[in-house]
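Observations on the model geometry
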Amino acid sequence: MKIHEYQAKQLLKAAGVTVPEGIVAKTPDEAAAAFEQLGGSLAVVKSQIHAGGRGKGRFKEHPEQAGVVLVRSAAEARENAERMLGSTLVTIQTGEEGKQVNTLLIEEGLDIASELYLGVIVDRAAGGVVVMMSSEGGTEIEKVAHETPEKILTASVLPGFGLQAAQARRLAYQLGLDANALASAQAFLPKLVQFFVDNDCTQVEINPLVVTGDGQFVALDAKVGFDDNALFRHKQFLELRDLNEEDESEVRAADAGLSYVKLDGSIGCLVNGAGLAMSTMDLIKYHGGEPANFLDVGGGANVEQVTEAFRIILADENVKAVLVNIFGGIMKCDVIVEALLAAYDQVGFTVPLVVRLEGTNVEKAREMLSASGKDIIPATDLTDAAKKVVGSISA
Amino acid sequence: MSILVTEKTRVITQGITGKAGLFHSQKSREYAKECQPDVDVFVGGVTPGKGGQEADGFPVFNSVAEAVDKVGANASMVFVPPPFCADAIIESIDAGIELIVAITEGIPTLDMVRVAEYLERSNSRLIGPNCPGVITPGVAKIGIMPGYIHKPGGVGLISKSGTLTYEAAWQLGNLGLGQSTAVGIGGDPIIGTSFIDLLEMFENDPGTDAIMMIGEIGGNAEVLAAEYIKSHVTKPVAGFIAGQTAPPGKRMGHAGAIISGGSGTAAEKMEALEAAGVVVAKSPADMGKAMQEAIAKRKG
């Protein structure tokens, strides 16, 4: 689960991590008032969306307007907020459609001496948590990692023990920080790692992490992601969810216990199992079609779930045909066909439906399909299924 | 011969009094009985607080240690719900269980970091979590896969996914290629046993003469496996990577199946495998054929 920058900073601040003074604004008046309240001669107005690249991003409605701007007066804060709020910000990460900006974060300007990169993530291969730092703050860290891997410094952390003082010190020396900044690093870094561990994060990225003129570490940006599987012990985070940032049909699917991801193609897929669902998308592509979605109905799909799955798939206007691909293991094919047929009647199909079944009780299931008299195209194997469903569109 | 699951394996189920735990214990017991009629492979279960009860003929114990003591369990199949599952796995490690197969989906990642720490200090081997389990066809299965789709044979099968493993086993079976052992390693970011661990075991197993590995997007386990194959594996290897059409930043069902920061794509994994001499199927319909081709290439 992702949260907004302003939410992440509020949580970090509560955990003792230094962030800039900031005020959330949802109207131009609030933005102007926030500037006055901060009391400085300079402030930053930042669009709050779940995507990076905001500074370089531009608004569809106002092509000159950047997603993050420096302002020097309350009036300037208001004018910018007027253009930004309710408008659609397009960044390198949002795709062409962009994201609507409904909230702004107004922050104090800082005296920045240098910009660093800091990221905490789970290290899959090592089975642990890893802290990554670099002197190349503000830039895309993937690019740094690719082009100059020696500039990425790392430290492995045992979650039970946290980042050790010696590790923070070593990183600070490697980054070439002076004595003031060294002290700040030793206070800041362990707290941030503890935040990651205490809250079951999947990612905490501070880019840039700034060192101010007087040697203080401040989190100028903050990207925080939580482990969905651990939300049961952090129920307070559920309130931070912003449904405007999520695809409506994906939310609907999740509520029905389905795993669904919308894509841009024209062939809808309903599959059991995540690996097979991904492979079915690949299969369609391999035979010249484009998948409209990823959909895993899971291991115990019932009539309600299959019906809801069909409704979600067919609600997508791009869908011109649907492929059902089931490998019945413990879930028997005849049980799935029963659910399929019931769902078929409830949903009302107007596009071709190709069904490929294999596994437990497949003979019985195939008979049920053909005896149903419904306009369902049976397929004998994966390749046959792909050819038929792709062919049903081009024909 | 085979790996992990052999004639000596004796299994208990952790979470046996839950619906899924009992159902799959029954199915696994049936399969083992067909294969080894004179032996009890599935010897009981554990649910704390329910010791002394019986679940469809399975004796229930309060702790894994007690089950080891009383019925000589050396393997555990874990169905404990996600919030308590890491603790259950650590209980098995603590009791000295050799093979732990965790089926449970949805364990918090940092809980698995804790498990990984305990694993490293033990002689236990963990398969999963979030996996279909392990089957040695004709001997026994510890997991949720349907037994009949796996034929005995010489292919070592390693996969991150459930139904896709069934699909692969099915295709292999139709071509007369049975499996020595098939292992689902799981689709989570942190898992107990990697492709490399199993490649090594299959390479050293006299009963295995070819290896099929099925990966997916996310992480770099397949790339590391490719490097290992290049320098350590002499047996023919075929592969498939699911998620060639998956967009970056979107989690494809499995917690670990996500392309982030431009890495973990199917293309880079396929490329790495091919560079290591692995025959990689482009279409999921050709997984069996790819294995056939890899074997033929080696013989030719």
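Residues numbered from 1 in each chain as written. Chains lettered and ligands numbered in written order. Predicted model: local features only at pLDDT ≥ 70, side-chain atom pairs only at ≥ 80, totals over all residues. Heavy atoms only, no water.

Section: the side chain of Asn-74 of chain B
Residues and elements named next belong to chain B. Tracing the chain through its elements places Asn-74 in the loop between helix H2 (64–71) and strand E5 (75–78). Residue classification places Asn-74 among the buried positions, given a relative accessible area of 19%. For Asn-74, the contacting residues outside a window of four places in its chain are Lys-8, Thr-9, Arg-10, Ile-97, Glu-98 and Leu-99. (Helix = DSSP H or I, 4+ residues; strand = E, 2+ residues; numbered from the N terminus. Buried < 20%, exposed > 50% of the residue type's maximum accessible area, 1.4 Å probe, protein only. Contact = heavy atoms within 4.5 Å.)

Focus on the sheet that holds strand E7 (residues 125–127) of chain B
Residue and element names in this part refer to chain B. With mixed pairing, the seven strands of this open sheet are ordered in space as E3-E4-E2-E1-E5-E6-E7. Whereas interior strands pair on both sides, the edge strands pair on one side only; in this sheet they are strand E3 (54–55) and E7. Across three bridges, strand E6 (residues 99–102) lies against E7 in parallel orientation. Looking across to E7, one finds that Ile-100 is bridged to Leu-126. In the packing of helix H3 (residues 82–94) onto the sheet, contacts are made with strand E1 (11–14), strand E2 (42–46), E5, E6 and E7, and the angle to E6 comes to roughly 170°. (Pairing = 2+ DSSP bridges. Axes fitted to C-alpha atoms, helices over the stretch in contact; angles between N-to-C directions.)

Observations regarding the side chain of Glu-216 of chain B
Within the fold, Glu-216 of chain B resides in strand E12 (residues 210–216). In this structure Glu-216 of chain B is buried but unpaired, with Lys-160 of chain B as the nearest side chain of opposite charge at 5.0 Å. Setting aside its immediate chain neighbours within four residues, Glu-216 of chain B contacts Gly-275 and Met-278 of chain A together with Lys-160, Ser-161, Gly-187, Glu-222, Ile-241, Ala-242, His-254, Ala-257 and Lys-269 of chain B. (Lys, Arg positive; Asp, Glu negative; His and termini not counted. Salt bridge = Lys/Arg side-chain N within 4 Å of Asp/Glu carboxyl O.)

Some thoughts on the interface of chain A and chain B
Each partner contributes residues to the interface: chain A has 45 residues there, and chain B has 53 residues. Connecting chain A to chain B are four salt bridges. At the level of secondary structure, the elements contributing two or more residues to the side of chain A that touches chain B comprise strand E9 (128–134), helix H6 (179–198), strand E14 (259–262), helix H8 (274–286), strand E18 (353–359) and helix H12 (382–394) of chain A. Ranked by residue count, the leading element in the side of chain A that touches chain B is H8 of chain A, at 10 residues. When the residues that make up the side of chain A that touches chain B are grouped by side-chain class, the tally is 22 nonpolar, 12 polar and 11 charged. (Nonpolar A, V, L, I, M, F, W, Y, C, P; charged D, E, K, R; others polar.)

Points about the domain arrangement of chain A
Domains assigned within chain A are domain 1 (21–108), domain 2 (112–238) and domain 3 (248–394). Taking only C-alpha atoms, the centre of domain 2 of chain A and the centre of domain 3 of chain A are 43 Å apart. (Domains from an automatic or database assignment.)

Notes on the sheet that holds strand E14 (residues 279–280) of chain B
All names here are of chain B. The mixed open sheet is built from seven strands, whose spatial order is E9-E8-E11-E10-E12-E13-E14. Only two strands of the sheet have a single partner each, and these edge strands are strand E9 (140–143) and E14. Of the pairings in the sheet, the one linking strand E8 (residues 133–136) to E9 comprises four bridges and is antiparallel in character. Counterpart to Thr-136 in the pairing with E9 is Ala-140.

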